[in-house]
Amino acid sequence: MKLLRSVLLVVLLVGGFWYLTTHLSPGPGGPAWSHFSLFGARGSSSLLQLTEAEAAPAYDAEEQNNIAVYKRVLPSVVNITSTTLVFNFFYGTVPQQGQGSGFILDKAGHVLTNYHVVEGANRGIEVMLSNKHRYAAKVVGTDRVHDLALLQIDAPNLQPVTLANSTELSVGQKVYAIGNPFGLSGTMTRGIISSIRSIHGAEGAPIEDAIQTDAAINPGNSGGPLLNSRGEVIGINTMIASNGAEQSSGIGFAIPINTAKAVLADLTRYGRVKRPSLGIVSYAIGPDLASQMGLAVNDGVLIQKVVPGGAAEQAGLRGGNQQAYVGNTPILLGGDLIVAIDGQQVTDPQDISALMDKHQAGDTISVTFYRGHKQMTLKLILGEARDANT
């Protein structure tokens with residue numbers, strides 16, 4: 001009897017399963033049980049149906065340009081690791097590494113980056129290409145004032161960048177930054193030129209016509225290229241306005257590539273920049289000071305001292321001989337007041353620095369100045385800058 005019950009139960013179960021799967025289908029090929037739960041709730045266990053694209057979407061014109069720029073320039077961008085020995089109180093002398101970016105200038109292996117990326121690297125500099133090959137780098141020359149360093153590696157099949165003319169830039173034009181932010185190699189960001197302005201670099205020296213951009217620039221991007229929409233280098237990413245936060249705030253700055261072009265020849269030939277100089281120690285004069293001092297004009301650069309044997313002394317310019325104070329700052333009065341160089345007005349030492357960037361030591365310039373109330377002009381052969389002299 002028990003055996004008969006068991007057989008009947010099996011028959012009922014098999015028959016019920018057969019009926020559900022063959023008679024309650026909502027349509028051809030659709031089993032009814034796929035629309036019912038164990039408790040009879042319709043749809044709670046339905047099959048997941050995905051909608052997939054029939055083909056990869058076509059890129060629009062802007063996307064195509066982004067991709068083209070990235071593919072063209074990436075092989076020219078490098079990751080730079082510098083190693084420095086530092087003293088640790090607990091462990092003694094230990095190695096410390098810093099990272100930055102750079103880009104290849106020629107097939108001979110010259111790489112341009114920021115000075116602060118390799119500063120103090122007393123235990124070697126390593127350059128990693130986009131193909132992950134690593135090479136030891138030597139320092140060819142540095143320009144601390146402009147925060148530039150020229151390296152060289154010995155590597156085959158290098159792909160150099162193309163350098164643009166940074167004097168033809170406009171606010172609003174599209175730019176790209178490629179580098180290694182936070183060690184994430186091969187990262188590209190984009191934005192626009194937000195402004196072109198003069199700023200002070202890490203060493204306090206002025207950077208004329210610095211390119212301000214909202215393209216994301218973070219630690220590790222330093223030394224990498226800022227590019228135009230054709231993939232040509234217009235600047236060297238160098239610093240961010242972080243307001244204390246060590247990450248992008250939407251305000252980054254790049255050194256214009258023309259500034260680098262002006263010093264590359266000196267870096268290659270001498271290992272340093274033979275920067276031209278007037279050979280003076282100067283002080284900016286504004287309207288208030290000019291009025292108090294009884295000067296003939298409202299603005300200019302007062303010569304406090306001439307460097308012995310320098311260009312200004314040889315040309316006959318004079319420094320001050322009367323000590324005075326502006327607040328707590330001592331200055332020397334009575335020197336010549338420079339108001340123009342080559343016909344361009346100068347009102348502070350930064351104006352003179354900007355003009356010096358357009359010249360080389362040995363160039364002849366015209367200096368217009370006041371000696372007392374008499375305006376004079378003379379020719380001057382520029383010398384080579386030493387220390388902090390203008």
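From a predicted model like this one, the values you see are computed outputs, not experimental measurements.

## Some words on the packing of aromatic side chains
- Within this structure, the stated rule accounts for zero aromatic pairs.
- The ring of Y270 has K274 lying over it, and the distance from NZ or CZ to the ring centre is 4.6 Å.

## Overview of the confidence of the model for the chain
- When pLDDT is averaged along the chain, the result is 85, and 83% of the positions lie at 70 or above.
- With pLDDT under 50 throughout, residues 31-41 is counted as low confidence; its partners more than four residues away or in other chains account for 18 contacts.

## Considerations on the side chain of H110
- Secondary-structure assignment places H110 in strand β3 (residues 110-113).
- Look at H110 and you get buried, because its relative accessible area is 14%.
- Contact partners of H110, with chain neighbours within four places excluded, come to F103, I104, L105, V140, L150, L151 and Q152.

## Overview of the side chain of S366
- Position of S366 relative to the elements: it lies in strand β20 (residues 364-371).
- Contacts of S366, omitting those with residues within four sequence positions, involve A340, I341, D342, T377, L378 and K379.

## Comments concerning the pattern of salt bridges
- Counted according to the given criterion, the structure contains eight salt bridges.
- Measuring nitrogen to oxygen at the nearest pair gives 3.7 Å for the salt bridge that ties E62 to K174. Here the residue E62 occupies a position in helix α2 (residues 61-73), and K174 occupies one in strand β7 (residues 174-179), the gap between them amounting to 112 residues.
- On the accessibility criterion, E62 (36% relative accessible area) is partly exposed.
- Across the salt bridge formed by R190 and E62, the nearest N and O atoms sit 2.4 Å from each other. Taken as a pair, R190 in strand β8 (residues 187-200) and E62 in helix α2 lie far apart in primary sequence, 128 residues in all.
- Residues joined by salt bridges that share partners form a network here, namely E62, K174 and R190.

## As for the nonpolar core
- The biggest cluster of nonpolar side chains holds 25 residues, and the ones touching the most others in it are F103, L112, L227, I236 and I257.
- Among the secondary structure elements, those contributing two or more residues to this core are α2, β6 (148-152), β7, β9 (206-213), β11 (233-240), β12 (252-256) and α4 (257-270).
- Top contributing element to this core by residue count: α4, with five residues.
- The residues touching L227, leaving out its near neighbours within four places in the chain, are V69, V73, K174, V175, Y176, I178, E232, V233 and I234.

## With respect to helix α7 (residues 349-356)
- Buried residues of α7: P349, I352, A354, L355 and M356, and no others.
- N-capping of α7 is provided by D348, with a side-chain oxygen placed 2.9 Å from the backbone N of D351.

## Examining the pairing of strand β18 (residues 337-341)
- The buried fraction of β18 amounts to five of the five residues, a majority that puts the element mostly inside the structure.
- Bridge count for strand β15 (residues 300-306) against β18 is two bridges, and the pairing is antiparallel. What sits directly across from L302, in β18, is L337.
- When β18 meets β20, the two strands line up antiparallel, connected through four bridges. When the sheet's bridge partners are listed, I341 is paired in β20 with V367.
- Note that β18 and strand β19 (residues 344-345) share two bridges and pair antiparallel. Note on β19: the bridge partner recorded for A340 is Q345.
- Two successive antiparallel strands, β18 and β19, enclose a turn made up of two residues, where D342 displays a positive phi of approximately 55°.

## Looking at unusual backbone geometry
- You will see that K132, though not glycine, has its phi angle at about 75°, which is positive.
- Backbone geometry places N157, a non-glycine residue, at a positive phi of 55°.
- Tracing the sequence through the fold places N157 in the loop between β6 and β7.
- We classify N157 as exposed; its relative accessible area is 78%.

Conventions and cut-offs
Residues numbered from 1 in each chain as written. Predicted model: local features only at pLDDT ≥ 70, side-chain atom pairs only at ≥ 80, totals over all residues. Heavy atoms only, no water. Phe/Tyr/Trp six-rings, centres within 6.5 Å; stacked < 30°, edge-to-face > 60°. Lys NZ or Arg CZ within 6 Å of the ring centre and 35° of its normal. pLDDT = per-residue confidence, 0-100. Contact = heavy atoms within 4.5 Å. Helix = DSSP H or I, 4+ residues; strand = E, 2+ residues; numbered from the N terminus. Buried < 20%, exposed > 50% of the residue type's maximum accessible area, 1.4 Å probe, protein only. Salt bridge = Lys/Arg side-chain N within 4 Å of Asp/Glu carboxyl O. Core = buried A, V, L, I, M, F, W, Y, C linked by side-chain atoms within 4.5 Å. Polar contact = N/O pair within 3.5 Å; in protein donor to acceptor, adjacent residues only side chain to side chain. Pairing = 2+ DSSP bridges.

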